[in-house]
Amino acid sequence: MSEPIKERGMTVKDMKLSPSIFAADLGELKKQIKELEDSNIDFIHVDVMDGHFVERMAFGADHIKALKSMTHIPLDVHLMIEHPELHIESIADAGADIITIHQESTARVLSCLHKIRNRGIKAGIVLSPGTPEETIKYLLDDLDMILLMSVNPGEGGQHFLGSVVDKIKNVKAMVGDRDIDIEVDGSIDNKTIKPCYEAGANVFVSGGYLFQGIKEHTETLRKAVKE
Ligand SMILES: O=C(CO)[C@H](O)[C@H](O)COP(=O)(O)O
């Protein structure tokens, strides 16, 4: 096996796109999923919202099950819910490939991460914009993904919070050589993706921007990190 690429002493992982299905046109879902497949998309990001942890409500286990039956693209499920420990089993049964839970959503973070991994699913932690990265220092060996929010969780179409760039750099340094994806979510477009990539993020959730033109904007995002 070839050695992982190193830059500035850090491992560089492949860039991956995870379009947020929250921004899809549900009336055209089959067609849009086909376009995502044709564009060789890496993950589909599914936001689960409970109306408590965030105001909005969106997508539950039944919707994830339906999506799973429609595509081979792995499902990257972001739980924006209180008491995630109560729902991990049903989300896993529905077919999630990655489950991320918010650091702010439960006092039982580590037990949730173990529950997810025990199902053979990748486990991740999400930090809202106001949550310091130091809070995940003791979780690093239990993580496959760290998701940093670049908007307040719960809504699409918000303003990009530039403070995430420093946070990504700090998280990248904390992660070191561990095999952990660093994902960023919120207002990712052809301009905001590059500073996040350069800071060390490798998975990008894009909603409004990507679904404005799946094929074209997928290419633009991929090109933007290389320019
Ligand atoms: O997690 C989310 C909201 O909490 C969405 O995934 C996110 O907002 C993506 O949409 P956009 O790219 O339009 O900001």
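Residues numbered from 1 in each chain as written. Predicted model: local features only at pLDDT ≥ 70, side-chain atom pairs only at ≥ 80, totals over all residues.

1. Regarding the UniProt feature "binding site: substrate" (unreviewed entry) in the chain
Condition: UniProt positions are given in the numbering used here, feature names are shortened, and annotations may be inferred rather than shown by experiment. Runs of H or I in DSSP of at least four residues are treated as helices and runs of E of at least two as strands, each being numbered from the N terminus. Neighbour counting defines burial: a residue surrounded by 20 or more other C-beta atoms within 10 Å of its own C-beta is buried, one with 12 or fewer is exposed, and intermediate counts give partly exposed, using backbone-placed C-beta atoms.
UniProt's entry tags Ser 20, His 78, Gly 154, Glu 155, Gly 156 and Gly 157 with the feature "binding site: substrate" (unreviewed entry), counted in the numbering of this structure. Tracing the backbone shows Glu 155 in the loop between strand E9 (145–149) and helix H5 (164–175). We classify Glu 155 as partly exposed; it has 15 C-beta atoms within 10 Å. Looking at the element boundaries, Gly 157 is found in the loop between E9 and H5. Using a count of 11 C-beta atoms within 10 Å as the deciding quantity, one classes Gly 157 as exposed.

2. Details of the sheet that holds strand E5 (residues 57–58)
In sheet architecture, strand pairing relies on hydrogen bonds along the backbone and comes in two forms, parallel and antiparallel. Definition in use: The pairing criterion for strands is at least two bridges between them, as found by DSSP. Throughout, a pair of residues is in contact if the C-beta atoms placed from their backbones lie within 7 Å. Helix axes use the C-alpha atoms of the stretch in contact, all axes being lines fitted to C-alpha atoms, and the angles between their N-to-C directions lie in the range 0 to 180 degrees.
With mixed pairing, the 9 strands of this open sheet are ordered in space as E3-E11-E10-E9-E8-E7-E6-E4-E5. Where the open sheet ends on each side, the last strands, each with one partner, are strand E3 (16–19) and E5. Across 6 bridges, the pairing between strand E4 (residues 44–50) and strand E6 (residues 75–80) is parallel. Following the sheet pairing, Val 46 is matched in E6 by Val 77. The sheet contacts of helix H2 (residues 61–70) involve E4 and E6, and relative to E6 the element is tilted by about 170°.

3. Notes on the UniProt feature "binding site: a divalent metal cation" (unreviewed entry) in the chain
Taken from the UniProt record, the annotation "binding site: a divalent metal cation" (unreviewed entry) applies to His 45, Asp 47, His 78 and Asp 185. Taken together, the annotated residues stretch across 141 residues yet fold into one region, lying no more than 10.8 Å apart by C-alpha. For His 45, the position within the fold is in strand E4. Note on His 45: 27 C-beta atoms within 10 Å, which makes it buried. Aside from chain neighbours lying at most four places away, what touches His 45 is Ser 18, Pro 19, Ser 20, Ile 21, Asp 76, His 78 and Val 205. As for its placement among the helices and strands, Asp 47 is situated in strand E4. Leaving out residues up to four positions away in the same chain, Asp 47 has contacts with Ser 20, Phe 22, Ala 58, Phe 59, His 78 and Met 80.

4. Structural notes on the nonpolar core
Selection rule: Each nonpolar core reported here comprises buried Ala, Val, Leu, Ile, Met, Phe, Trp, Tyr and Cys residues connected via C-beta atoms within 7 Å.
If you look at the biggest cluster of nonpolar residues, it comprises 66 residues, and the most contacted ones within it are Val 77, Ala 96, Ile 99, Ile 146 and Phe 204. Not counting the four nearest positions on each side in its chain, Ile 99 is found in contact with Val 77, Leu 79, Ile 88, Ile 91, Ala 92, Ile 116, Ile 121 and Ala 123.

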